[in-house]
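Coordinate inspection notes
Single-letter residue listing:
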Amino acid sequence: MGSKNSNEYSGIKIKLYNFALSDQGRPKTLPPLRTLAKEYGCTHPTVLRAVRDLIVQGVIVPLKGGGYRTLQLDSAGEHHIVNYMFGNGMNLYVDHYTLQLRYHSLNTLTRQHVQLGVAEFRQSSAGDFAHEMTYGNCDAGLLVDPPAQIVEEIAGVCAGRNIPLGVFGSSFPGGDISCSFDVEKDFSQVFQRLLELERRRVLVLCRLNNHWIPGVQTAFDKYQHHFERAEFKVSTNQELINYTLENTTDSGAGFDTVVFVMFLEELYGKLKQNNPDILCVMPSFGTVFEPGFTGISMDMQMEQAGIIFGENLYRLMNKQPLEQAHFHIKCQLTENF
């Protein structure tokens, strides 16, 4: 309930701000708050809360005789709104991986589109974001690292309203434009390089419910028969740590290489302590937590991808043609032995 009320409040605040920006930002008197509540389909306290926040922000002032008036705003036109959601909209915390995706999905777009506001939404139940995209005030939708079913649902809503949808950081293309990880290609590149380095016993680790699993599995299936011993283990964090430490201490039959699909806390240090010759492969989202990391880093070219994606969404919102609507985030292997 809290997320839904917060999303409704954000939408009302955006509408009031757009009202203040209209007519080239000239001062104007607000209609009575109860009239606005009826027009916006919300409660009087919700409108009052939004008005009070905009007073603090210097957009609206109260009048002595009652009522409210907007202040003169420096505006070349209406403020444009992108409705934004990360994952399934129910994430309890953010980590380095999350923050990287958030930053690069929005940085270029917000620099190019100076009259742009981003409204981030959280879902208290499935369908909240679809409802907001259907009835709310927005000019585009942006999904970052979303599940496939949400992309399909929101794409249908956006198509019905004729507003663009961008998808960033997924493992599949979607929406009108997308920037996705090519997981199968990236890990195929890793396995090929391990063969060239004459590594023969490879353990691949991944936590449960990671959406990269299908792509990693496809790449693993193509290469596993080239290795003397190869295993792709998907389990809980602690189980992966225990299993890895038990099977990498023996320099004869144990694994000589460990490939991390994502970061596993404390494992790298223990691995190197038990077996200094072990080769570790890890995405750059994980190596950032390991000062002095030695091995192969899968460096995701996030900055370059964010620039192209932001330019694409900007062009789409301004109904300009695109050169390439869907593309992948490039992966570069960096070796430090």
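Refer to the preceding data block for the structure.
Report on the accompanying structure.

**Considering the overall build of the protein**
Broken down by element type, the protein carries 12 helices and 14 strands. Along the three orthogonal principal directions, the C-alpha set of the protein runs to about 85 × 40 × 35 Å. A sequence separation of at least 24 residues applies to 70% of the contacts in the protein between residues at least 6 apart. Of the roughly 16400 Å² that the protein leaves accessible, carbon and sulfur atoms contribute 49%.

**Some thoughts on the pairing of strand β8 (residues 201-207)**
Burial analysis of β8 places 6 of its 7 residues in the buried class, which makes it a mostly covered element. In this sheet, strand β9 (residues 229-235) lies alongside β8 in parallel orientation, the contact comprising 7 bridges. Paired with Arg-207 across the two strands is Ser-235, which belongs to β9. In this region the chain leaves β8, passes through helix α8 (residues 213-223) and returns to the parallel neighbour β9; the handedness of that crossover is right-handed. Note: β8 against strand β10 (residues 257-260), 4 bridges, orientation parallel.

**Topic: the sheet that holds strand β7 (residues 177-181)**
Strands sit in the order β4-β3-β5-β6-β7-β13 across an open sheet of 6 strands; the sheet is parallel. The sheet is open, and its two edges are formed by β4 (116-120) and β13 (326-329), each paired on a single side. Ignoring strand direction, the axes of neighbouring strands in this sheet form an average angle of 20°. Each of β3 (80-86) and β5 (140-144) is contacted by helix α5 (residues 128-135), which is oriented at about 170° to β3, the strand it contacts most.

**Section: the environment of Ser-105**
Residue placement: Ser-105 occurs in helix α4 (residues 96-112). Put simply, Ser-105 and Ala-305 are 200 residues apart on the chain and 8.5 Å apart in space, counted from C-alpha to C-alpha. A distance of 2.9 Å separates the side chain of Ser-105 from the backbone oxygen of Arg-102, its partner in a polar contact.

**Some remarks on the packing of aromatic side chains**
On inspection of all chains with the given rule, the structure shows 12 aromatic pairs. Measuring from centroid to centroid gives 5.1 Å for Tyr-268 and Phe-293, while their planes differ by 35°, and the two rings are tilted. Separated by 25 residues along the polypeptide, Tyr-268 in helix α10 (residues 267-274) and Phe-293 in the loop between α11 (284-287) and β12 (295-300) bring together distant segments of the chain. The buried category is assigned to Tyr-268, whose relative accessible area is 7%. In this structure Phe-293 comes out as buried when scored by relative accessible area, which is 10%. What links up through ring pairs into an aromatic cluster is the set Tyr-97, Phe-181, Phe-187, Trp-212 and Phe-285.

Procedures and definitions
- Residues numbered from 1 in each chain as written.
- Predicted model: local features only at pLDDT ≥ 70, side-chain atom pairs only at ≥ 80, totals over all residues.
- Heavy atoms only, no water.
- Helix = DSSP H or I, 4+ residues; strand = E, 2+ residues; numbered from the N terminus.
- Contact = heavy atoms within 4.5 Å.
- Areas by Shrake-Rupley, 256 points an atom, 1.4 Å probe, with all protein chains shown as cover.
- Buried < 20%, exposed > 50% of the residue type's maximum accessible area, 1.4 Å probe, protein only.
- Pairing = 2+ DSSP bridges.
- Right-handed = clockwise from strand over helix to strand, strands pointing away.
- Axes fitted to C-alpha atoms, helices over the stretch in contact; angles between N-to-C directions.
- Polar contact = N/O pair within 3.5 Å; in protein donor to acceptor, adjacent residues only side chain to side chain.
- Phe/Tyr/Trp six-rings, centres within 6.5 Å; stacked < 30°, edge-to-face > 60°.

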